[in-house]
Every structure is written in C-alpha cells, then in structure tokens.
Amino acid sequence: MTTQRTALVLGATGLVGGEVVRLLLADPTYHKVLVLVRRNLPLRHDKLEQHLVDFDRLSQHNALFAVDDVFCCLGTTIRKAGSQEAFRKVDYTYPYEAARLAAEQGVRQFLLVTALGANAQSGIFYNRVKGEVEAAISNLALPAFHIFRPSLLLGDRQEVRLGEQIGKVVAGATGFLMLGPLKKYKGIQAATVAEAMLQVAKRGGAGKHVYQSDQIQEMGK
Ligand SMILES: NC(=O)c1ccc[n+]([C@@H]2O[C@H](COP(=O)([O-])OP(=O)(O)OC[C@H]3O[C@@H](n4cnc5c(N)ncnc54)[C@H](OP(=O)(O)O)[C@@H]3O)[C@@H](O)[C@H]2O)c1
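Residues numbered from 1 in each chain as written. Predicted model: local features only at pLDDT ≥ 70, side-chain atom pairs only at ≥ 80, totals over all residues. Heavy atoms only, no water.

S.K.: Tell me about the overall build of the protein, residues and numbers included.
M.R.: Helix and strand content of the protein: 7 helices and 9 strands. Counting over 221 residues, the protein shows a buried share of 49%. Contacts in the protein between residues far apart in sequence, at least 24 positions, make up 69% of those at least 6 positions apart. When the accessible surface of the protein is summed, it comes to about 10900 Å², and 52% of that surface belongs to carbon and sulfur atoms. (Helix = DSSP H or I, 4+ residues; strand = E, 2+ residues; numbered from the N terminus. Buried < 20%, exposed > 50% of the residue type's maximum accessible area, 1.4 Å probe, protein only. Contact = heavy atoms within 4.5 Å. Areas by Shrake-Rupley, 256 points an atom, 1.4 Å probe, with all protein chains shown as cover.)

S.K.: Help me get a handle on the environment of Gly207, residues and values and all.
M.R.: Mapping Gly207 onto the fold places it in strand E9 (residues 207-212). Once the C-alpha coordinates of Gly207 and Leu142 are considered, the two residues, 65 residues apart in sequence, prove to be 8.0 Å apart. Apart from residues no more than four positions distant in its own chain, Gly207 is found in contact with Pro143, Ala144 and Phe145.

S.K.: Residues and numbers for the sheet that holds strand E3 (residues 48-52), please.
M.R.: The 7 strands are arranged E3-E2-E1-E4-E5-E6-E9 in an open sheet whose pairing can be described as parallel. Looking along the sheet, the strands with just one partner apiece sit at the ends: E3 and E9. Geometrically, the sheet is characterised by an average inter-axis angle of 15° between neighbouring strands, direction not taken into account. Of the strand pairs in this sheet, strand E4 (residues 69-72) and strand E5 (residues 109-113) are connected by 4 bridges, and their pairing is parallel. When the sheet's bridge partners are listed, Cys72 is paired in E5 with Leu112. Across the face of the sheet, helix H6 (residues 190-203) comes into contact with strand E1 (5-10), strand E2 (30-37), E4, E5, strand E6 (144-149) and E9 while running at roughly 165° to E5. (Pairing = 2+ DSSP bridges. Axes fitted to C-alpha atoms, helices over the stretch in contact; angles between N-to-C directions.)

S.K.: Just give me the short version of the pairing of E2, but keep the residues and values in it.
M.R.: The buried count for E2 comes to 6 of 8 residues, which makes it a mostly enclosed element. As judged from the 6 bridges shared by E1 and E2, these two strands associate in the parallel manner. Opposite Leu8, over in E2, you have Leu34 as the bridge partner. For the segment spanning E1, helix H1 (residues 15-26) and E2, crossover handedness is right-handed. Relative to E3, E2 runs parallel, the two sharing 5 bridges. What sits directly across from Val37, in E3, is Leu52. (Right-handed = clockwise from strand over helix to strand, strands pointing away.)

S.K.: Tell me about helix H4 (residues 125-138), and name the residues and values.
M.R.: A rise of 1.5 Å per residue sets the reference length of H4, with its 14 residues, at 20 Å; its end C-alpha atoms lie 20 Å apart and thus fit the reference within 8%. Among the residues of H4, those classed as buried are Phe125, Asn127, Val129, Lys130, Gly131, Val133, Glu134, Ala136 and Ile137. Buried positions along H4 lie against helix H2 (78-81), helix H3 (84-105), E5 and E6. (Expected span 1.5 Å × (residues − 1).)

S.K.: So, the side chain of Ser213: which residues are in play, and what are the values?
M.R.: Here Ser213 lies in helix H7 (residues 213-220). If we ignore the near neighbours within four places in the chain, the residues touching Ser213 are Arg149, Pro150, Ser151, Lys184, Lys186 and Ile188.

Encoded structure:
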C-alpha cells in the first residue's frame, strides 16, 4: 500500500462517519480525505475535500471513488426515511452503488457499517436489508471488504430517537450483565466503531471480514 493514502467517506455528517472523518484528518497516513455529503460539514481542513452530491446519481461522481480506502457509514431509520422503500434506498442502494463504483475505480478496500443481526434471511426487515447489502457487496470485485456490525450506537446525537433513548437506558442499566456470548449486544460508542474502522483500514489485508460488536469494542478501545 502507498504510505500516504486517500480516503472517501460516505455518511460523514453522521455519528460514526463524523468520528471517522475526525480520525482520518488527524492521521498522517492519509493525505486527502474526500467526503460525499448532501449538506456541508461545518469544518475546514487542508486535507478535507467536500463534495455536495445527489446520492441518487452517485455514478456521475465516479472519478471521486478513485481513492485507496472507502468508508461507508450511511444509514437512516424507517421512521426518518418515511417508508421501508426509502429506508432501503439509504441502507442498501446507496452503499451498494458506492461499493460498485469503488470496485470499478480500483480501490484497495471498502469498509461498511451495517448492524448487529444483519442477515439476508432474517424475518426482520431492518436486519434483512443490512444482510442483503453485505451479501450484494460481497459479490463485487473488491480486493478487501470489511463489515462492521455494531450494537446500539452511543454518542452525542442531535436528533431524539425514542427507541434508541430507551435502548441506551437499558444498555446503561444492563451493560454489566453483557458478558460472555452476550457481549456483542452491549451498546458501543460511535467513536469506538470509527477507531476500529481506522485500525482495520491501516492494517490492510485482503478478502472479506466481518467484525461483531464485541470485537469492534476490543479493537477500538
Ligand atoms: N443508531 C444505532 O444505534 C445503530 C446501531 C447499529 C448500526 N447502526 C448503523 O450504523 C451506521 C451509522 O449509524 P449512525 O448512527 O452513525 O448514522 P447517522 O448518525 O444517522 O448518520 C447517517 C448518515 O447517513 C446520511 N444519510 C441519511 N439519509 C440520507 C439520504 N437520503 N441521502 C444521503 N445521505 C443520507 C446522513 O446524512 P445527513 O446528515 O445529510 O442526513 C448521515 O451522514 C448506519 O448504517 C446505521 O444503520 C446504527
């Protein structure tokens, strides 16, 4: 791998994506950090290049995918998106299209955040979409594909998500019980996920790898 790398981040305005950008900008391994956003990050940095794009037309920006490492942290909720179809667009179509363009442009590695329970055969719509996007991207000709499946994400979120708020209270109250095989269900800081993604990216390595929440926790602390 080149000593000075370029990175592209999708979902840079989000909880995990924001942490990934912060880490990439601070890391001398990366000399250029491109972000594809639909609203600009309130951030200026010599290494940072922001591109306002229409995510329904990602292929118009294919040249931007000619980087070393792509970090995809896109995501929404069915409630926020408004329908299952709209959710699927953000959590399946956009990441898949990004991975397709990345493969076409010859990236070294594609790192994707999905979620605990991702499973293309799941009866739960959310888990199924996450599993389906993992499976679809696995079929692309990417030299390396790293999948991160975090549990409930913890961190400072502007928007109030009732389900997640309840989850956080439960996670806080029961976190100490999450031992052994239950460890992967424990809530995890978005910054920890980002840290693990960066470590994996810097380590390199070929092929497909899946990281469960407890492994992410270990790597990212
Ligand atoms: N929240 C959890 O507890 C949890 C748990 C496990 C896994 N995950 C998964 O982890 C990943 C990261 O989660 P997060 O909480 O960091 O996400 P987040 O804070 O909600 O950020 C989501 C990112 O996706 C972008 N996005 C959403 N809808 C979009 C659209 N229609 N067009 C273009 N961009 C769009 C957002 O851009 P804007 O700022 O422009 O909206 C933002 O950059 C997601 O895949 C999520 O499903 C989340």
